[in-house]
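Examining the three-dimensional arrangement
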Amino acid sequence: MRRRRLIGLLLIALLCLPLTACESMSGSDYMLLMELIYGDWGNAKGTNPRNDKGEIDPVKAAGAAVQTGKQELLGTGNEDADAALSAVGITGEVRPWDGQVSDAVNKGDESSILLAITDYPNDPHYYNALAVVQLAKGNGIDAMKNFEQAKTLSKGAKKGQSDAVTAADKMQTRDILPLLEQAIQHQSENGATDDGKTSLLSTYCSGVRHMKDKYSDSYWSSRAKTKMNLDCEQYR
Amino acid sequence: MGISPGLDRPRRRRGCCGCGPLLLLLLLVVAIGAAFYFKVPQKLGLMKPASERLLSAVPDRGCAAQILGTLAARQIDTSGLTLWVLPYKDKAGAILYADLDASAGFTFPKGPADPIVGFMTTLATNEGSVSCEIKRVAIEYRFGEDLSMIKLTASTQELQDHASGKLTRQQLMKAMEGKVDPAMMLLSGGAK
């Protein structure tokens, strides 16, 4: 009897979790998702367990279960889509480190970034973050070494592409710019020296101009003007 | 005629002689299903997920920042929206993975007649995504860390073709792949 009661309570708790979440969602978003799952998309994919009246139809539910199970076991049949649907495996691994490294750039904390590098020695982002912190502190020599290391790793990450050098150069420049913005915005907290502040600005503006001049990408120069109040054409 | 001495004895219940192997087979099927569902072969390193086979393990954070900035410049509310750009290993281009966290304030931008498809199209075709050569978009709608409700994905080409009228909504729905949390399928009452 006691065991039955416990199982009952557990079931109620399990049911409540998604329902509470749904209630807290924006009502219209919830309806939009429901319309998709029980409407056009669910019907097109054979995963809609409900009939036209909105009731769960045993036959449709069985079909939906088979379809869902088949997808879990064999994939969707489209490898590209399967890669996208399982990409959370990659992002889930780096997500905690990215947050920690971002905080470290704000605080000028090199040791936290070194821990990330120990765990992910092939990730250029963490070398770039370390280099930016070192640049802020006026340690230009080590910063250049780490920028170089990041560049080499970016080339490695893009080696399968036909225009690997260009792709790696773009990736490296784009990766540095937000980190530099962050370091400039937090230079009162990250221990930036006067030399460091000048280096941050000149490296930032040189990256902004590089994106515009070499790749005709003016996003960063307009961002520099609007977000950073910097005209990098003047800052040479 | 003598009476057989065995007739008086109570009959021994022989049970269901075919049930044992059948039950075993059923258990085996359930176990195999559960092993795949909980990704045991991947965890044991026997099978690589498609993301590991096709995508680089190093996300392009600069591209993600550029795309997010482009959306913000278009006055799109980016609360609860986290973007990941995952370049392909062996070819140009990347997949854009958008994490939509309702508990952190994400809501689909209002305006287009079809906000979900409209948002996916915006993710795929904005200037930042064009510059970063985004070939496919995936969205994951979730509530907090552990409750993922739905994942949907479509290629940039399919979304563009639908936007330009080359692909009907039905054709796009057929092409769009995804995964729904089974709890969401069964528990949400009332919705058609």
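Residues numbered from 1 in each chain as written. Chains lettered and ligands numbered in written order. Predicted model: local features only at pLDDT ≥ 70, side-chain atom pairs only at ≥ 80, totals over all residues.

Describing the overall build of chain B
From N to C terminus, chain B includes nine helices and five strands. Tracing chain B from N to C terminus, the helices and strands come up as α-α-α-α-β-β-α-α-β-β-α-α-β-α. Within chain B, contacts between residues separated by at least 24 positions form 56% of all contacts whose residues are at least 6 apart in sequence. (Helix = DSSP H or I, 4+ residues; strand = E, 2+ residues; numbered from the N terminus. Contact = placed C-beta atoms within 7 Å.)

A look at the overall build of chain A
Looking only at helices and strands, chain A has 12 helices and zero strands in total. Out of the 236 residues in chain A, the part that is buried amounts to 37%. Contacts in chain A between residues at least 24 apart in sequence constitute 44% of all its contacts with a sequence separation of at least 6. (Buried ≥ 20, exposed ≤ 12 C-beta atoms within 10 Å, placed from the backbone.)

What about the packing of helix α10 (residues 164-185) of chain A against helix α11 (residues 194-215) of chain A?
Residue and element names in this part refer to chain A. Direction vectors running N to C along α10 and α11 enclose 145°, while the axes themselves pass 9 Å from each other. Once α10 is placed against α11, the crossing between them reads as left-handed. Taken together, the residues of α11 that come into contact with α10 (itself represented by Lys170, Thr173, Ile176, Leu177, Leu180, Glu181, Ala183 and Ile184) are Leu200, Leu201, Thr203, Tyr204, Gly207, Val208, His210, Met211 and Tyr215. For the contact of α10 with α11, the class distribution of residues is 11 nonpolar, four polar and two charged. (Axes fitted to C-alpha atoms, helices over the stretch in contact; angles between N-to-C directions. Left-handed = near helix turned anticlockwise from the far one by under 90°. Nonpolar A, V, L, I, M, F, W, Y, C, P; charged D, E, K, R; others polar.)

A word on α11(A)
Residues and elements named next belong to chain A. Helix length check: α11, at 22 residues, gives a terminal C-alpha distance of 31 Å against a target of 32 Å (1.5 Å per residue), a fit within 8%. Listed as buried for α11 are Gly196, Ser199, Leu200, Thr203, Tyr204, Cys205, Gly207, Val208 and Met211. Against the buried residues of α11 lie α8 (124-136), α9 (140-157), α10 and α12 (219-228). Following α11 by one or two positions, Ser216 has its phi on the positive side, about 55°. (Expected span 1.5 Å × (residues − 1).)

A short note on the sheet that holds strand β1 (residues 81-87) of chain B
All names here are of chain B. Ordered in space as β1-β2-β3-β4-β5, the five strands form an open sheet in which the pairing is mixed. Single-partner strands in this sheet number two, and they are β1 and β5 (177-180). Ignoring which end each strand starts from, the neighbouring axes of this sheet average 15° apart. Of the strand pairs in this sheet, β1 and strand β2 (residues 94-101) are connected by seven bridges, and their pairing is antiparallel. (Pairing = 2+ DSSP bridges.)

Focus on the domain arrangement of chain B
For chain B, the assigned domains read domain 1 (20-49) and domain 2 (55-187). Computed over C-alpha atoms only, the centres of domain 1 of chain B and domain 2 of chain B are separated by 32 Å. (Domains from an automatic or database assignment.)

Quick word on the domain arrangement of chain A
The domains assigned to chain A are domain 1 (13-72) and domain 2 (92-228). Taken over C-alpha atoms, the centre of domain 1 of chain A sits 43 Å from the centre of domain 2 of chain A.

Digging into the interface of chain A and chain B
A common way to express how large an interface is: the accessible area buried when the components associate. Listed per partner, the contact involves 61 residues of chain A and 63 residues of chain B. Across the side of chain A that touches chain B, the residue classes tally to 32 nonpolar, 16 polar and 13 charged.

Digging into the confidence of the model for chain A
Looking at chain A, pLDDT values average 86 and 88% of them are 70 or higher. Across chain A, the element-wise mean pLDDT spans from 51 in helix α1 (residues 2-24) of chain A up to 98 in α8(A). (pLDDT = per-residue confidence, 0-100.)

Considering unusual backbone geometry
Not every positive phi belongs to a glycine, and Asn229(A) is a case in point at roughly 55°. Position of Asn229(A) relative to the elements: it lies in the segment after α12. Even without being glycine, Gln75(B) reaches a positive phi, approximately 65°. Structurally, the position occupied by Gln75(B) is in the loop between α4 (61-73) and β1.

Some thoughts on the pairing of strand β3 (residues 134-143) of chain B
Residues and elements named next belong to chain B. The buried fraction of β3 amounts to 10 of the 10 residues, a majority that puts the element mostly inside the structure. Pairing analysis gives eight bridges linking β2 to β3, with the strands arranged parallel. When the sheet's bridge partners are listed, Asp101 is paired in β3 with Arg142. Taken together, the eight bridges between β3 and strand β4 (residues 147-155) define a ladder with antiparallel strand orientation. The residue bridging Val137 from the neighbouring strand is Ala154, located in β4. What sits between β3 and β4 in their antiparallel hairpin is a turn of three residues, with Gly144 showing a positive phi close to 75°.

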